[in-house]
Amino acid sequence: GTWTLFLIICSFFEVLRVGFIQNALVRALSLTDQAPVRKAINSASLTLNVLLSGVITLLLILLSYIEPYIWGAAPLDEMFLIYILTSFLLLPFFHFQFIQQANLTFQGIFHSTLVRQGAFFAYVCWIYFQPNVAFDLIQLAFFQAFAAGLGAIVSILTAWKYISFAGQISWK
């Protein structure tokens, strides 16, 4: 129950990020071949992604304070605070996946998602098949952040040739 509630709330934030950043970034990058314009788009999109992560962080902090009064699920408040780390690790994961999508290269997206989700799945399977290993939802939330970090590293490495940013942010 608690893990499901946690996933529902955090998935909402990630859908918000994907909907707000991905569509605009992919569309804008696919419409131009000019390097300076692409750099400006990448920079502006990354800035919006960071700002959105800041808003998500504030909402997660707020939820961690009011959670005991709403749901009363004991570790959920701590899990929200751990998810702040996950959210910032997912920032490069998603951003560089979006850049790869705009450049019509999908192999890196597959590999980074496989590493992120595969590592988490392997951890859950390991815990399940270890009868003497005690775990709690806090550990699961921390490993979710770790898996997001692994996926982010793969996402950055596979998108490296498409990464270019402008020296300053254009607000137009």
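Look a little higher up for the structure.
If you're wondering where the values come from, they're calculated on a predicted model, not measured in any experiment.

Reading guide: rules and limits
Residues numbered from 1 in each chain as written. Predicted model: local features only at pLDDT ≥ 70, side-chain atom pairs only at ≥ 80, totals over all residues. Heavy atoms only, no water. Helix = DSSP H or I, 4+ residues; strand = E, 2+ residues; numbered from the N terminus. Buried < 20%, exposed > 50% of the residue type's maximum accessible area, 1.4 Å probe, protein only. Contact = heavy atoms within 4.5 Å. Lys, Arg positive; Asp, Glu negative; His and termini not counted. Charge placed at Lys NZ, Arg CZ, Asp CG, Glu CD. Expected span 1.5 Å × (residues − 1). Phe/Tyr/Trp six-rings, centres within 6.5 Å; stacked < 30°, edge-to-face > 60°. Lys NZ or Arg CZ within 6 Å of the ring centre and 35° of its normal. Axes fitted to C-alpha atoms, helices over the stretch in contact; angles between N-to-C directions. Parallel < 35°, antiparallel > 145°, perpendicular 65-115°, else oblique. Left-handed = near helix turned anticlockwise from the far one by under 90°. Nonpolar A, V, L, I, M, F, W, Y, C, P; charged D, E, K, R; others polar. Patch = residues over 30% accessible without salt bridge, like charges linked within 9 Å, V, L, I, M, F, W, Y side chains within 5 Å. Areas by Shrake-Rupley, 256 points an atom, 1.4 Å probe, with all protein chains shown as cover. Salt bridge = Lys/Arg side-chain N within 4 Å of Asp/Glu carboxyl O.

### Describing the overall build of the protein
Part 1 of the argument: Secondary structure assignment for the protein yields five helices and zero strands.
Part 2 of the argument: Element order for the protein, N to C, with α for helix and β for strand: α-α-α-α-α.
Part 3 of the argument: For the protein, the spread of C-alpha atoms along the principal axes amounts to about 55 × 35 × 20 Å.
Part 4 of the argument: The buried share among the 172 residues of the protein stands at 42%.
Part 5 of the argument: Restricting the contact set of the protein to residue pairs at least 6 apart, pairs at least 24 apart contribute 77%.
Part 6 of the argument: Between the centroid of the 7 positive side chains of the protein and the centroid of its 6 negative side chains there is a distance of 24 Å.

### Remarks on helix α2 (residues 35–70)
Part 1 of the argument: Here α2 is 36 residues long and its end C-alpha atoms lie 49 Å apart, about the 52 Å a rise of 1.5 Å per residue gives.
Part 2 of the argument: The first or second residue beyond α2 is G72, which carries a positive phi of 70 degrees.

### Side note on the environment of L52
Part 1 of the argument: Among the secondary structure elements, L52 is positioned in helix α2.
Part 2 of the argument: Overall, L52 belongs to the buried group, its relative accessible area being 11%.
Part 3 of the argument: L52 has contacts with L16, R17, F20 and I21, leaving out every residue within four places of it along the chain.

### Some details on the packing of aromatic side chains
Part 1 of the argument: Applying the stated criterion across every chain yields a total of eleven aromatic pairs.
Part 2 of the argument: Judged by centre distance (5.2 Å) and plane angle (70 degrees), the ring pair of F93 and F94 falls under edge-to-face. F94 carries the same exposure label as F93, and that label is buried.
Part 3 of the argument: With 6.4 Å between their ring centres and 25 degrees between their planes, Y123 and W126 make a pair best called stacked. One end of the pair is Y123 and the other is W126, both in helix α4 (residues 107–128) and three residues apart, which spans about a single turn.
Part 4 of the argument: With relative accessibility at 17%, the residue Y123 sits in the buried group.
Part 5 of the argument: For W126, a relative accessible area of 44% corresponds to the partly exposed category.
Part 6 of the argument: Every member of this aromatic cluster is reached through a ring pair, and the members are W3, F6, F80, Y83 and F120.
Part 7 of the argument: The side chain of R116 reaches across the aromatic face of F93, ending 5.1 Å from its centre.

### Description of the packing of α2 against helix α3 (residues 76–102)
Part 1 of the argument: Where α2 meets α3, the axes come as close as 9 Å, and the angle between the chain directions of the two elements is 165 degrees. In terms of orientation, α2 and α3 fall into the roughly antiparallel class. When the axes of α2 and α3 are compared, the crossing they make is right-handed.
Part 2 of the argument: For the contact of α2 with α3, a count of residues per class yields 14 nonpolar, nine polar and two charged.

### Looking at a nonpolar patch on the surface
Part 1 of the argument: A surface patch of nonpolar side chains, about 1,100 Å² in accessible area, is lined by V55, L58, L59, I61, L62, Y65, I66, Y69, I70, W71 and L81.
Part 2 of the argument: For the nonpolar patch, the element with the highest residue contribution is α2, accounting for nine residues.
Part 3 of the argument: With respect to the element layout, W71 can be found in the loop between α2 and α3.
Part 4 of the argument: In this structure W71 comes out as partly exposed when scored by relative accessible area, which is 37%.

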